[in-house]
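Inside the fold
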Amino acid sequence: MDNSKKEHSYTYWVKNDPNHPKIDCQPKKVEDPSQVQQPQTIGSQWNVSGTWEEKKVPVNEIKKSLENIVGMKIGQTKISAVESVEGEAHLFLSRGKKRMGYHLKITYALEDDGQIKYTDFTDDGDRDYVLEDVNDETVKHQIEELHDRTKQYVEVFKN
């Protein structure tokens, strides 16, 4: 029995085969930078294939975006302010597509001292809300437009 150790490696067959062509694996300096192609990515530089990424969207940025709704007429009144935004929101990159995930509580102040409080405003379509001190019945009939505008300004971070 031969007690000498043989040196093994993953490419042992390349070294021992005289017919195998030699491969030059040494890096080469690129003289012309225009020859280097940078991959186009949607997300981070490291995630070239766009598999999965998650970024937190700050709630104060969402509140700034929702300020665009101030002045919107709803019923016989208008939205006068975005009083509060609470919860969390995330921007997801999955399989090359951007998606928003959020679970928010939003309070809008109305000009006639009433409030529209979303107790549950989520990306899956939940739009639970409470009308506080709202005497105008037409607000209830036009609330769907507010839902759509709120969703539009929350999801602006996808673009």
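Our structure's up above, just so we're on the same page.
Here the structure is a predicted model, which is why all the values come from computation and not from measurement. (Residues numbered from 1 in each chain as written. Predicted model: local features only at pLDDT ≥ 70, side-chain atom pairs only at ≥ 80, totals over all residues. Heavy atoms only, no water.)

All of the buried residues in helix 2 (residues 59-66) are Val59, Ile62, Ser65 and Leu66. All buried residues of helix 2 fall inside an arc of 115° around its axis, so they share one side. (Buried < 20%, exposed > 50% of the residue type's maximum accessible area, 1.4 Å probe, protein only. Helix = DSSP H or I, 4+ residues; strand = E, 2+ residues; numbered from the N terminus. Arc of directions from axis to C-beta.)

The topology assignment puts Val57 in strand 1 (residues 52-57). Sequence-wise, Val57 and Glu88 are 31 residues apart; in three dimensions their C-alpha atoms are separated by 7.5 Å. Not counting the four nearest positions on each side in its chain, Val57 is found in contact with Ile62, Ala89, His90, Leu91, Met100 and Phe157. (Contact = heavy atoms within 4.5 Å.)

Of all hydrophobic cores here, the largest spans 27 residues; its most connected members are Leu66, Tyr108, Ile116 and Leu146. Elements represented by at least two residues in this core include exactly helix 2, strand 3 (77-94), strand 4 (97-110), strand 5 (115-122) and helix 4 (143-154). At six residues, strand 4 tops the list of elements feeding residues into this core. When near neighbours in sequence (up to four residues on either side) are disregarded, Leu146 contacts Ile69, Met72, Ile74, Ile79, Tyr108, Ile116 and Tyr118. (Core = buried A, V, L, I, M, F, W, Y, C linked by side-chain atoms within 4.5 Å.)

Looking down a regular strand, the side chains alternate between one sheet face and the other. Relative to strand 4, strand 3 runs antiparallel, the two being bridged by 14 bridges. Residue pairing in the sheet places His90 in a bridge with Gly101 of strand 4. Here strand 3 folds back onto strand 4 in antiparallel fashion, the turn holding two residues, of which Arg95 has a positive phi close to 55°. Note: strand 4 against strand 5, six bridges, orientation antiparallel. The residue of strand 5 that forms the bridge with Ala109 is Gln115. Linkage of strand 4 to strand 5, two consecutive antiparallel strands, is achieved through a turn of four residues, within which Asp113 is found at a positive phi near 70°. (Pairing = 2+ DSSP bridges.)

For the rest of this paragraph, the subject is the packing of aromatic side chains. A complete count under the given rule lists five aromatic pairs for this structure. Relative to Phe121, the ring of Tyr118 lies with its centre 5.0 Å away and its plane at 75°, an arrangement referred to as edge-to-face. With relative accessibility at 0%, the residue Phe121 sits in the buried group. Ring geometry for Tyr118 against Tyr129: centres 6.3 Å apart, planes inclined by 65°, an arrangement best described as edge-to-face. Of this pair, Tyr118 sits in strand 5 while Tyr129 is found in strand 6 (residues 127-132), placing the two residues 11 residues apart along the sequence. One aromatic cluster in this structure is built from Tyr102, Tyr108, Tyr118, Phe121 and Tyr129. Arg127 extends its terminal NZ or CZ atom over the ring of Phe121, reaching a point 4.1 Å from the ring centre. (Phe/Tyr/Trp six-rings, centres within 6.5 Å; stacked < 30°, edge-to-face > 60°. Lys NZ or Arg CZ within 6 Å of the ring centre and 35° of its normal.)

On to the side chain of Thr77, then. Note that Thr77 resides in strand 3. Setting aside its immediate chain neighbours within four residues, Thr77 contacts Met72, Leu110, Glu111, Asp112, Asp136 and Val139.

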